[in-house]
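In case you want the letters, here they are:
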Amino acid sequence: MANCRSPPHFTAFWFSTAAFCYVFFFAVIMSKATPNPYPVVKIGALVDLNTRRGKDISSALHLALINVNKEVSLFQGIRFELEIEDCSCDPIQGVASAMELTKKGVAIILGPQSSIVAHVVACIGEATQIPILSFGATDPNLSMDQYSYFFRTAPSDEDQMSAIATLIESFNWQDVTIIFTDDDHGADGASSLHRSLQERDIRSFNSSRIPLNPTADKLREQLLQLDSAESRVFVLHTAGGLGLKILTLAAGLDMFRSGYVWIVTDLTASALVKPNNDLKDFISYEGLLAVHRFIYPSSLYKDLLIQLQGENFSDIHNLNVLGGPDAYTIYAYDAFFAAAYAITLHLAQGNNLSFTEYYKVHDGFHAEDDFRHMKVLESGPALRSALWNTSFMGTCGLIQFDKHGDVGNVVFEFVNLVGENFSVVAYWVGGNHLITSAPHVLDNGSITINSTSENANTTSLNIVWPGGSREIPKGWVPPKSGSPLRIGVPMKAGYHEIVSQTKSADNKTIYDGFCIEVFEIAVKRLRYSVSFEYIPLFSDIMGKVNPLYDNLIDMVHSGEYDAAVGDITITAERLRLVDFTQPFIESGLVVLVKKRDNRLGNPWSFLQPFTPTMWCTILGFTVFIGIVIWILDHAENHEFQGEMKKQLFSVLWRTGSPKDILQLQTVPDLYNCTTKKARKRRLVDQANCWNHGARRVLQAISGSCSVLCSRLTKRRQKPFLPAPS
């Protein structure tokens, strides 16, 4: 019987085939039994690929995709894919592109690039529960208060406008004009600046709306209108290309001369530093101030710059000043990492990324196929929470979203264009002050200010203003058009120290007086120009009677006068019609008293009633009395006899004392009387003489005392004035 054994090579072939089939079917069975828990996750992006910025953002997103997929352990082996749709910065195209991304099953949509597209895309995110993470929409009204699935890595214009308002407040400019595009981005940014200025008590705010597609003639017309106004502080808040066009026209209209202030926001600032700009044109913009996001030069940032250059990214222009590539490119790079971190956290918490078609979720929804087949992320609320809880150090700083979906710890720098070069003159780190040195960012994302850094003020900021001047512009000029204020002035019949009207040598009317001087000094102290003219109000009998002040109040109330200046009394009835300033003249009942004479406290003040005239009068009467006595007694009294010199001496000596005068004949005369009756009559005469002399002396003394008493008391009388409360 023949041997039926198979050849060895044939046996090996069948053995290998059986082993391959076993392994293949085992792998298929195992793959169905334990599916991969981390499948490939798609991240969508809306980019305007027709612009230079959009192309740079696209390159940064692809670079972020490569770097994320390299970090296998950090993102737990998840593989990410990037789906980019061109939205062309058009709302309709943005809606169509966002719908395409939802049909592709993306977990998060990055973008869009502009605020006007972000408003409609945010509505789609709200309907599909897919988070929208924008890297370019800065409209302050785009927040989670309105759109609960909207986040952004780009700072809100609220912060940028606060920085500009702080700069304006530092220079004490009170009249500001903002030029903005007539869309959501421009109008909401202008409103944010207005609020920031009002918080700093800057009330004079003007706005100039630019159409979305303006012609050169329209722009020139609006600039001429602005040039004819009194404000000289202009804030330009438009897209980059339009901003450069406006600056070029303004330079051609000589609006970059001394006295002007031009401040541009970050979009125009980024367009200014692009390498394809002609630097020789920058001379026309000298003195321009630009607001730019400050990005701390960390190791992450430097590594990204090296990679971007290796990816044939656009050449970095003015790296030392404005930080290299466009800031929105950095925002897009960080946005992709934020999406990757959030998805990783979402899946690690046991959630999935399941989608349901939109029409299945909303019963009775009737629309075309494009809308019917939009996909709704079932675990969208959980992914939104994961994005909220995401926190990491990104290229531009700490990426951590607040309750509004915005990032915090934003720093802006102010850049001054001098010649063809840019220089940083100040930094804004929040609040109401600027600093002169760059802040430092720690590893935990917090911002610290160097101890040597000082708060910036008008003297420490080394700014070159338009026209090459270093003198700080005052921010306004007298308006070229408009009517002056009409100020009513009452022409009083008297009290010309209050208000008066005179004619100069050249027949020019001159208004003067205390009220006029107060008004003109107050006008000079205003921070802006006010032109006015006085209009006199006369009475029917000019110069004889004061005009009716109630008529003046009625003219101000009716608008015939813009204001009135004069000694106008504030009454309740008048307050119902017009407003008054704080009173600066008080009128009412007053008491006039003679100024107190402090000399009354002198111990010799009792001699004050004895004036030189009184002393001469007393001396004259004394001598006269002595002469009369001499005439009457010299024949009988031996004291008054003898030589004339002796008699004159006796008269003067004896008349110095009233007592001696009375005693001249008291004793001798008594002995010279021969009869008793004669002696008695002589005594009576002597007594009467004593009485008469004593009465005269007492009268003189009492009169002197009464005069002295009245002077000492009357001059001390003062009115009682109660102490002020």
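Anyway, here's the lowdown on the structure attached to this text. Note that residues are indexed from 1 along each chain, following the sequence as it is written. Note on the predicted model: pLDDT of at least 70 is required for a residue's local features to be given, and 80 or more for side-chain atom pairs to be given and counted; whole-chain, interface and lining totals, by contrast, use all residues. Only heavy atoms go into the side-chain values, all of them from the structure, while hydrogens and water stay out.

## Section: the overall build of the protein chain
Applicable threshold: Only DSSP runs of H or I reaching four residues or more are called helices, and only runs of E reaching two or more are called strands; each is numbered from the N terminus. For every residue, the accessible area (1.4 Å probe, protein chains only) is compared with the maximum for its type, and the residue is labelled buried under 20%, exposed over 50%, or partly exposed between those bounds. In these tables, accessible area is a Shrake-Rupley quantity obtained with a 1.4 Å probe, and a residue counts as shielded only by the protein chains included in the view.
From N to C terminus, the protein chain includes 23 helices and 24 strands. A total of 725 residues make up the protein chain; the buried ones form 42% of that total. A total accessible area of about 39,900 Å² is found for the protein chain, and carbon and sulfur atoms account for 56% of it.

## What about the side chain of Ser196?
Let me state the cut-off plainly: Whether two residues are in contact is decided by their heavy atoms: any pair within 4.5 Å suffices.
Relative to the helices and strands, Ser196 is located in helix α6 (residues 184-199). The class for Ser196 is buried, based on a relative accessible area of 2%. Filtering out sequence-adjacent residues up to four positions away, Ser196 remains in contact with Met161, Ser162 and Ala165.

## Regarding the sheet that holds strand β2 (residues 80-86)
Strands in a sheet are paired, the pairing made by backbone hydrogen bonds, and the direction either parallel or antiparallel. To keep it simple, the criterion reads: Following DSSP output, two strands are said to pair if at least two bridges run between them. Inter-axis angles, ranging from 0 to 180 degrees, are taken between N-to-C directions of lines fitted to C-alpha atoms, where helices are fitted over the stretch in contact.
Ordered in space as β2-β1-β3-β4-β5, the five strands form an open sheet in which the pairing is parallel. Two strands lie at the open edges of the sheet, namely β2 and β5 (150-152), each paired on one side alone. Adjacent strand axes in the sheet meet at a mean angle of 25°, parallel and antiparallel pairs treated alike. The pairing of strand β1 (residues 41-47) with β2 spans seven bridges and is classified as parallel. From the neighbouring strand, Gly44 faces β2, where its bridge partner is Glu83.

## Here's the deal with helix α16 (residues 514-524)
The condition is simple: Working note: the arc is built from the helix axis to C-beta atom directions.
All of the buried residues in α16 are Cys515, Ile516, Phe519 and Val523. Down the axis, α16 shows its buried residues gathered within 100° of arc, on one side only. Of the surrounding secondary structure, the elements contacted by the buried residues of α16 are β20 (485-490), β22 (509-512) and β23 (532-537).

## Description of the sheet that holds strand β6 (residues 175-181)
One open sheet holds the eight strands; their spatial order is β7-β6-β8-β9-β10-β15-β16-β17, and the pairing between them is mixed. At either margin of the open sheet sits one strand with a lone partner, and together these are β7 (204-210) and β17 (434-435). As paired elements, strand β16 (residues 421-428) and β17 share two bridges and run antiparallel to each other. Pairing of Trp428 across the sheet is with Leu434, part of β17.

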